[in-house]
Amino acid sequence: MKKNSLTTAIIAGVAGVAGLAGVAHAVNLNADGIGQVLLYPYYTTNGGNTTLIQVVNTSDVGKAVKVRFLESLNSKEVLDFNLYMSPYDVWTANIHENAEGKVGIVTPDKSCIVPNRVMPDAEGNVRFTEFLDFEFGYWRPDRLGLTASANNISRKAQGHIEVIEMGDLYGFAHRYALHGTHGGEWRPENCGWFQAQWFTPGSAANPTWLYQSGSSNAADGNNFGRAQSYVASPGSVYWSDGPMPELVTGEDRRRPGAGGLFGSAYIVNVADGTAFSYNAEALNGFLTIDERDTDFLEDTNLHHAPGTVYPALWQAANYYDIATESYWSTSTVFDALGNALTFAFQRAAIDPTAPTAVGLPSPDAVSAVLSARYIMNEYAVNGFSSATSDWVVTFPTKQLHTYRPRTGPCSQPTGTRPFSCAQGAGRNGAVGDNIFDGYWPEEYELSYWDREELEPFTPPNPGDVSPLPPPGQQQVFAFGAEANVLTFYTEDTTAETVLSAPLGVAGGGYTFPLEAAFESGWARIGFQKQYMNVPAQDVVPGAETGAWRINGLPVIGFWAAKHVNAFAGPDITAYYNLIHRHRVTRDIAVDTQTAP
């Protein structure tokens, strides 16, 4: 069967799943960098670095946005909060280590945040908000034996970032987030209103968001912290039901879908004179269900309380099937030939308070669009410019696949794929119920070439990779953390790094020695053993469909390089910095084929 026919077949097959006719939206990796979800591959405060982040709202309506910082080892939250942006707003923050050795953020930005202690105070003074270790330290310690304060600081010092749109603001929320001149300064009209909405109990006559969430303390309650008033689902076609006295404008503001966020980060080291900037990866079509299409507002609404782990990447949904009362997540993935393949995943009904091996959430739709069989990039080390090269390799959905009960040394309960093994199980919000049995490294293969297409005389030997394994264990190329840094150097020199990730799995840092003559060129990392199955779609008359296999791992990252010119001028040393997003090759194939 020809590839184009296969492409047509699977799209037709998706349209037949549970009546999924007319699906117009799907999770996709937006090449233009604008979307509903932003993924930042790496932040760091190691080695004197600080990381500056920006979130931009390009929409003409305000946004409710979840901002979440995740540590590098197994993506435990170290901080999250709700950000309420005005139209065309930009929010900025600085992740750094303060004079007391604590890691956290400061933001001079006046956009509304709940809890408001993250914002500048009433006099405009910035406040330091420390990253927290509750999810892996003293309150809910995992089983890694890393509960000492020094180790917790090292875990918080680097990681990755998620930004998820929770919805469009309307009514009072839209009005109070708008910037204007208030009290002699340019700022939102009333950030205190957002704080009160989540910290005031309210009543049926005056339903604050805390009251709507079904919880009196803003923790996960029966409704998992959801609230609806004045925040429309990201999938809503319009954000106003018509003229309302509390609207800034009275007309019915119709608009096409949602999204409109983009972001960037800058990793800056003042002492070393380096700055590396990158764009956040953007996912669109994450949630496109119009609240007016169903009566299930509590399910389509992504507006969750601060202090919860929601919304999460497993909550992607862009179709609701009324007949079966089920949600579906569809993904559009472009294969190596540029064909658009659309896959459908049924989103199971999840009870986060009582997960099971089958019922735990799994972000298949997001993982599908990020999966890569190979990642490729350049490297440069030593040479006339004393170059230094680090690769960041981050698996942003790994924890959501692998945080499941492990029944043996390497077991794979439902939902673990494409990752190799379950890493434990637990649930959010339960004291001590945090069974993380330990990381399971993801193996890979590495090849490299110089700029004249020469390959090394001796193939890369995993035994050369630092650090070496304990006695009796076989060394393989493998990434153990979820945000990893691989430093390249030549075997006749000492490894130099720009991002300063500590060596070893807990630190996420690895080194790779190149042959002495290979000071510049390109390399390729291949994920050979990992894959995700896509179940067979319903057969549509006249089309052939079947089960599919997406080979590789969901991965994002970049190459960061520093070049030094010690002779730029009399007593002048110049630094040249660059960063390149990884290139990827997708590998998608029919696993089993069925015919009508």
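One can find the structure itself at the top, above this paragraph.
Now for a quick tour of the structure. (Residues numbered from 1 in each chain as written. Predicted model: local features only at pLDDT ≥ 70, side-chain atom pairs only at ≥ 80, totals over all residues. Heavy atoms only, no water.)

Here phenylalanine 479 lies in strand S27 (residues 478–479). With relative accessibility at 0%, the residue phenylalanine 479 sits in the buried group. Each C-alpha atom of the pair phenylalanine 479 and valine 393 lies 8.5 Å from the other, and the pair is 86 residues apart in sequence. If near-sequence neighbours (up to four positions away) are discounted, phenylalanine 479 is found in contact with Val393, Phe395, Lys398, Pro441, Glu442, Tyr444, Asn484, Leu486, Tyr510 and Ile525. (Helix = DSSP H or I, 4+ residues; strand = E, 2+ residues; numbered from the N terminus. Buried < 20%, exposed > 50% of the residue type's maximum accessible area, 1.4 Å probe, protein only. Contact = heavy atoms within 4.5 Å.)

Centre distance and the angle of the planes are the two values used to describe a pair of aromatic rings. Within this structure, the stated rule accounts for 34 aromatic pairs. Consider the rings of tyrosine 43 and phenylalanine 69, whose centres lie 6.4 Å apart with planes at 85°: the pair is edge-to-face. With tyrosine 43 in strand S2 (residues 37–44) and phenylalanine 69 in strand S4 (residues 63–71), this pair connects stretches of sequence that are 26 residues apart. This pair shows no difference in class: tyrosine 43 is buried, exactly as phenylalanine 69 is. Judged by centre distance (6.0 Å) and plane angle (75°), the rings of phenylalanine 488 and phenylalanine 512 are edge-to-face. On the criterion of sequence distance, the pair formed by phenylalanine 488 in strand S28 (residues 483–490) and phenylalanine 512 in strand S29 (residues 509–514) is long-range, its members being 24 residues apart. Looking at phenylalanine 488, the relative accessible area reads 1%, which means it is buried. (Phe/Tyr/Trp six-rings, centres within 6.5 Å; stacked < 30°, edge-to-face > 60°.)

The tally for this structure, following the rule as stated, stands at 2 disulfides. A sulfur-sulfur separation of 2.1 Å characterises the disulfide bridge that pairs cysteine 112 with cysteine 191. Taking the torsion about the sulfur-sulfur bond, which here is approximately -85°, the covalent link between cysteine 112 and cysteine 191 counts as left-handed. In this pair, cysteine 112 sits in strand S8 (residues 112–114) while cysteine 191 sits in helix H4 (residues 191–199), placing the two residues 79 residues apart along the sequence. (Disulfide = S-S within 2.5 Å.)

In this structure, Tyr40, Phe69, Trp91, Phe194 and Trp209 are the most contacted members of the largest nonpolar core, which totals 63 residues. Not counting residues within four places of it along the chain, the set of residues in contact with tyrosine 40 comprises Ile53, Gln54, Val55, His160, Ile161, Val163, Gly263, Ser264, Ala265, Tyr278 and Ala280. One finds Ile164, Tyr310, Leu313 and Ile550 within the second-largest nonpolar core, a separate group that totals 34 residues. (Core = buried A, V, L, I, M, F, W, Y, C linked by side-chain atoms within 4.5 Å.)

What follows covers the sheet that holds strand S26 (residues 445–450). Taken together, the 4 strands give an open sheet; going across it, the order is S26-S30-S21-S36, and neighbouring strands pair in antiparallel fashion. Each of the sheet's edge strands pairs with one partner strand only, and the pair in question is S26 and strand S36 (583–585). Strand after strand, the sheet turns through a mean of 25° between neighbouring axes, direction not considered. Pairing between S26 and strand S30 (residues 520–526): 6 bridges, direction antiparallel. Following the sheet pairing, serine 447 is matched in S30 by arginine 524. (Pairing = 2+ DSSP bridges. Axes fitted to C-alpha atoms, helices over the stretch in contact; angles between N-to-C directions.)

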